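A structural walkthrough
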Amino acid sequence: MKYAKKIILGISLLVISSCRNNNESKIKNVSVENKLNDSEIYFASKRINESFSKKDSSTIEFISKFLERDSIKVIISHSIEENLETIYLSKNEKLDFFYNPENYSKHKTRRISEYYDVKGNCYEFSNEGISHNSIYIEKLCFLNDTKGLSLSEIYLLDGD
């Protein structure tokens, strides 16, 4: 009887430890994959945010590799009127959006947004205490395909 209890206890320990080790390896694999994607999205978003708020040709040249899609959807949320405006940027308009911001933001001051968090293929910014007559990036969404990471949507907040 003592021998049977030891065998059952031994088998139980083996089963528990193998389940635990199996789950730990899955968790490690998932977190490594997410960190890589998160860091790519964070870095691209950081550079795009910098290009949006100040006109720097070297930064704009760098972000051009993220503007490879046929068109980019821009959604502008107005803080006072609480309505949405949507425009699509294609061809040269994509770079022009960063080179000549006054054409797309009705001469409002573009402000740098505070970094917040990656959620899926989007990077969300925190914009507390916005200024009047200013425009901020709220969120940038990307697609990842064979060409690499490319910007698909820009969400802006208009301080009205």
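This structure is a prediction, so every number in the text was calculated from the model and none was measured.

The helix and strand tally for the protein chain stands at three helices and seven strands. Going from the N terminus to the C terminus, the protein chain shows its helices and strands as α-α-β-β-α-β-β-β-β-β. A burial count over the protein chain gives 32% of its 160 residues as buried. If you take every contact in the protein chain between residues at least 6 apart in sequence, the share linking residues at least 24 apart comes to 52%. On the protein chain, roughly 10,400 Å² of surface is accessible, and the fraction owed to carbon and sulfur atoms is 52%.

A word on the nonpolar core. Within the largest apolar cluster, 25 residues are counted, with the highest numbers of intra-cluster contacts made by Ile 48, Phe 98, Leu 140, Phe 142, Leu 151, Ile 154 and Leu 156. Elements with a contribution of two residues or more to this core: helix H1 (2-53), helix H2 (57-63), strand E1 (71-78), helix H3 (93-99), strand E5 (122-126), strand E6 (134-145) and strand E7 (148-158). Residues in contact with Ile 48, not counting those within four places in the same chain, are Ile 63, Phe 66, Phe 98, Ile 137, Leu 140, Phe 142 and Leu 151.

So, on to unusual backbone geometry. One non-glycine residue with positive phi stands out, namely Lys 91, at about 45°. Residue classification places Lys 91 among the exposed positions, given a relative accessible area of 71%.

Right, let's talk about the confidence of the model for the protein chain for a bit. Averaged over every residue, the pLDDT of the protein chain is 76; residues scoring 70 or more account for 75%. Mean pLDDT in the protein chain bottoms out at H1, which sits at 61, and peaks at strand E2 (residues 84-90), which reaches 92.

What follows covers the pattern of salt bridges. Using the criterion set out here, one finds four salt bridges in the structure. With its nearest N and O atoms 2.7 Å apart, the salt bridge here joins Lys 46 to Glu 50. Of the two residues, Lys 46 and Glu 50 both sit in helix H1, four residues apart, roughly one turn of that helix. The class for Lys 46 is partly exposed, based on a relative accessible area of 26%. The partner of Glu 50 in a salt bridge is Arg 47, with the nearest N and O atoms 3.5 Å apart. Within this pair, Glu 50 and its partner Arg 47 are both found in helix H1, separated by three residues, close to a single helical turn. On the basis of relative accessibility, which here comes to 16%, the residue Glu 50 falls in the buried class. Linked through salt bridges whose partners overlap, the residues forming this network are Lys 46, Arg 47 and Glu 50.

Rules and cut-offs
- Residues numbered from 1 in each chain as written.
- Predicted model: local features only at pLDDT ≥ 70, side-chain atom pairs only at ≥ 80, totals over all residues.
- Heavy atoms only, no water.
- Helix = DSSP H or I, 4+ residues; strand = E, 2+ residues; numbered from the N terminus.
- Buried < 20%, exposed > 50% of the residue type's maximum accessible area, 1.4 Å probe, protein only.
- Contact = heavy atoms within 4.5 Å.
- Areas by Shrake-Rupley, 256 points an atom, 1.4 Å probe, with all protein chains shown as cover.
- Core = buried A, V, L, I, M, F, W, Y, C linked by side-chain atoms within 4.5 Å.
- pLDDT = per-residue confidence, 0-100.
- Salt bridge = Lys/Arg side-chain N within 4 Å of Asp/Glu carboxyl O.

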